[in-house]
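A closer look at the structure
One-letter residues, chain by chain:
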Amino acid sequence: MAIREILTDKDPVLHKKCHPVTQFDDKLATLLDDLKETLAAANGAGLAAPQIGILRRVVVVLDEADEMLELVNPEILSQSGEQDGLEGCLSVPGMWGYVLRPMKVKVRAQDRKGNWFEVKGEEMVARCFCHEIDHLDGHVFSEHVDCLYTNEELEELLAEEEKKGKRR
């Protein structure tokens, strides 16, 4: 296992569509292990293969119990509700924005051995599923926002909202 460099949104790799995984072998297992180790080291909620320069449809996401889910060739089967919340991205460091996402998402994916399974996520996990699957299609969260905030601007915005007694 290895901690890999996380590419930033300026890298053209992040804006390309990923290829499906067709071989479920040691190379895939190493990729999944490296994604998990890199995500843990970066203290993030999800990570997609293109973020470390690999154009394959592979992501890892933390679930509600902080367990890492491995999703190979994931596809969204259904979604419902909506939530407007803050997102950041390891590939867009220090920037934040409000993104409208579904409240509940059901995903179909394969595990590292190629077995198909389905998994549901709500709130933050649903947001992560959508965010990471967007990466597989060459999209970055900043494409979905009206305004990006730096860490300092976000702190000011949240403090202002707190003063007014409202949350977005």
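Below: a short report on this structure. Quick caveat: nothing in here was measured; it's all calculated off a predicted structure.

1. Details of the side chain of Gln110
With respect to the helices and strands, Gln110 occurs in strand E6 (residues 104–110). Looking at Gln110, the relative accessible area reads 8%, which means it is buried. Separated by 2.8 Å, the side chains of Gln110 and Asn73 make a polar contact.

2. Details of the sheet that holds strand E3 (residues 68–80)
The 5 strands lie next to each other as E1-E2-E3-E6-E7, forming an open sheet whose pairing is antiparallel. Sheet topology places strand E1 (46–48) and strand E7 (116–122) at the edges, where each strand pairs with a single neighbour. Averaged over all pairs of adjacent strands, the angle between strand axes in this sheet comes to 40°, irrespective of strand direction. One ladder, built from 5 bridges, connects strand E2 (residues 58–62) with E3; its direction is antiparallel. Counterpart to Val59 in the pairing with E3 is Leu71. Sheet strands touched by helix H1 (residues 26–42): E1, E2 and E3. Its angle to E2, the strand with the most contacts, is close to 40°.

3. Re the nonpolar core
Among the nonpolar cores identified, the biggest contains 17 residues, and Val59, Val61, Leu71, Val105, Val107, Val119 and Phe129 are the most heavily contacted of them. Those elements that place two or more of their residues in this core are E2, E3, E6 and helix H2 (124–136). For this core, the leading source of residues is H2, giving 7 residues. Those residues in contact with Val105 that sit more than four places away from it in its chain are Ile76, Ser78, Gln79, Val119, Lys120, Gly121, Ala126, Phe129 and Cys130. Listed in part, the 13 residues of the second largest apolar core include Ile6, Leu35, Leu47 and Ile52.

4. Regarding the pattern of salt bridges
Under the defined criterion, the tally for this structure stands at 11 salt bridges. Where Asp137 meets Lys17, a salt bridge forms, and the shortest distance between an N and an O atom there is 3.1 Å. Placement of Asp137 in the loop between H2 and strand E8 (149–150) and of Lys17 in the segment before H1 is noted, with a sequence separation of 120 residues between them. The class for Lys17 is exposed, based on a relative accessible area of 57%. Look at the salt bridges and you will find they share partners, linking Asp33, Lys36, Glu70 and Arg112 into a network.

5. What about the pairing of strand E4 (residues 83–89)?
Looking down a regular strand, the side chains alternate between one sheet face and the other. Sheet topology note: the E4/strand E5 (residues 92–101) ladder contains 6 bridges and is antiparallel. Pairing of Cys89 across the sheet is with Val92, part of E5. Linkage of E4 to E5, two consecutive antiparallel strands, is achieved through a turn of 2 residues.

6. Thoughts on H1
The end-to-end C-alpha distance of H1, which contains 17 residues, comes to 24 Å, matching closely the 24 Å that a straight helix rising 1.5 Å per residue would cover. Buried residues of H1: Leu28, Ala29, Leu31, Leu32, Asp34, Leu35, Thr38 and Leu39, and no others. Packing partners of the buried residues in H1 comprise E1, E2 and E3. Its side-chain oxygen placed 3.2 Å from the backbone nitrogen of Lys27, Asp25 serves as the N-cap of H1. Following H1 by one or two positions, Asn43 has its phi on the positive side, about 60°.

What counts, and at which threshold
Residues numbered from 1 in each chain as written. Predicted model: local features only at pLDDT ≥ 70, side-chain atom pairs only at ≥ 80, totals over all residues. Heavy atoms only, no water. Helix = DSSP H or I, 4+ residues; strand = E, 2+ residues; numbered from the N terminus. Buried < 20%, exposed > 50% of the residue type's maximum accessible area, 1.4 Å probe, protein only. Polar contact = N/O pair within 3.5 Å; in protein donor to acceptor, adjacent residues only side chain to side chain. Pairing = 2+ DSSP bridges. Axes fitted to C-alpha atoms, helices over the stretch in contact; angles between N-to-C directions. Contact = heavy atoms within 4.5 Å. Core = buried A, V, L, I, M, F, W, Y, C linked by side-chain atoms within 4.5 Å. Salt bridge = Lys/Arg side-chain N within 4 Å of Asp/Glu carboxyl O. Expected span 1.5 Å × (residues − 1).

Function cannot be read off these values alone, since they describe shape.
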